[in-house]
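A closer look at the structure
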Amino acid sequence: MIKQPVKAFLLILMITAFSISIAQGQEITVAIAANMQPVMKDLKADFKTRTQKDIKVISGSSGNLATQIRHGAPYDVFLSADTSFPQALQKDGFTVKKMAVYARGVLILCSIQNLNFTNWDKLLLSGAIQKTAIGNPAIAPYGKAAQQLLTKAGIYSALKQKLVFGESITQVNTYITTGVVQAGFTTLSLIKDANNKVPLSYKVMNPKDYAPIEQAMVILKHAGKNTAAEQFYRYMLSAPAKNILKTYGYNTL
């Protein structure tokens, strides 16, 4: 017969083991800007290796994801492609952790055709290019950067009738890689993604010609006491995560 103190001790051990099991099995839902899809596969795997915690990923344009969060979408962490959407959510009380920049994006112009982008502005206006894809500037930060670039080059108005607007950078990439458009403005991570088997010619745009694409993240109130959300937040600012981001063409602090 087991004595009462021993029973109590065993019960404590069982409760502790169960608590550890729950903690280890915590899953977080991370809403990511569409440009993060390729690199997120590696980040997710590395985070799982280091913490034994799973990540459920939801992807979309930063603007659409921010709207979903405001309407109660059950996301724990939001990785935006800019700072404005996280800042607005933070200001309006949807977050529990101060916004942090985790990467800086690089804008490129690319095509499935073997094009010479030396004089890219003249090329886009020429008859060789019928359609050029960019993200919707209102909800897609890379689209906003492309709009700024074209405006500074003085060709946005002239080019507007040729523009095809994607709801996210994923849609823009689909337009580019399937040949729906002859050229498109997107993220350097498309070129760095080993899973992209479509040969592309490209040119990195001058970063002085558009506002820096600072990609920021916040922990959302939905995370509650889910400690995995805090772990992932810290992980995204760590050296291992930064090394992975650099591999995909992002600049990091």
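Residues numbered from 1 in each chain as written. Predicted model: local features only at pLDDT ≥ 70, side-chain atom pairs only at ≥ 80, totals over all residues. Heavy atoms only, no water.

1. Details of the confidence of the model for the protein
- The pLDDT averaged across the protein works out to 91; a share of 90% of its residues lies at or above 70.
- When the criterion is pLDDT under 50, residues 5-25 qualifies, and its contacts beyond four places in sequence or with other chains add up to four contacts. (pLDDT = per-residue confidence, 0-100. Contact = heavy atoms within 4.5 Å.)

2. Quick notes on the packing of aromatic side chains
- Applying the stated criterion across every chain yields a total of four aromatic pairs.
- An angle of 55 degrees between the planes, with centres 5.5 Å apart, marks the rings of Phe 47 and Tyr 235 as tilted. Highlighted residues: Phe 47 in helix H2 (residues 37-51) and Tyr 235 in helix H10 (residues 227-236), separated in sequence by 188 residues.
- Phe 47 gets classed as buried once you look at its relative accessible area, which sits at 1%.
- Feature note: the residues Phe 47, Phe 232 and Tyr 235 constitute an aromatic cluster, connected by ring pairs. (Phe/Tyr/Trp six-rings, centres within 6.5 Å; stacked < 30°, edge-to-face > 60°. Helix = DSSP H or I, 4+ residues; strand = E, 2+ residues; numbered from the N terminus. Buried < 20%, exposed > 50% of the residue type's maximum accessible area, 1.4 Å probe, protein only.)

3. Some words on the side chain of Ser 238
- Mapping Ser 238 onto the fold places it in the loop between H10 and helix H11 (239-247).
- Reaching out from Ser 238, the side chain makes a polar contact with the backbone oxygen of Tyr 235 at a distance of 2.5 Å. (Polar contact = N/O pair within 3.5 Å; in protein donor to acceptor, adjacent residues only side chain to side chain.)

4. Quick notes on the sheet that holds strand S8 (residues 183-187)
- With mixed pairing, five strands are arranged side by side in an open sheet as S7-S6-S8-S5-S9. Among the strands making up the open sheet, the edge pair consists of strand S7 (163-166) and strand S9 (201-204). Sheet twist, expressed as the average angle between the axes of neighbouring strands with direction ignored, equals 30 degrees.
- In this sheet, S9 lies alongside strand S5 (residues 107-111) in antiparallel orientation, the contact comprising four bridges. Opposite Cys 110, over in S9, you have Tyr 202 as the bridge partner.
- Together, S5, strand S6 (132-135), S7 and S8 form the strand contacts of helix H6 (residues 141-152), whose direction differs from that of S8 by roughly 125 degrees.
- Strands S5, S6, S7 and S8 of the sheet are contacted by helix H8 (residues 169-177), whose axis makes an angle of about 140 degrees with S8. (Pairing = 2+ DSSP bridges. Axes fitted to C-alpha atoms, helices over the stretch in contact; angles between N-to-C directions.)

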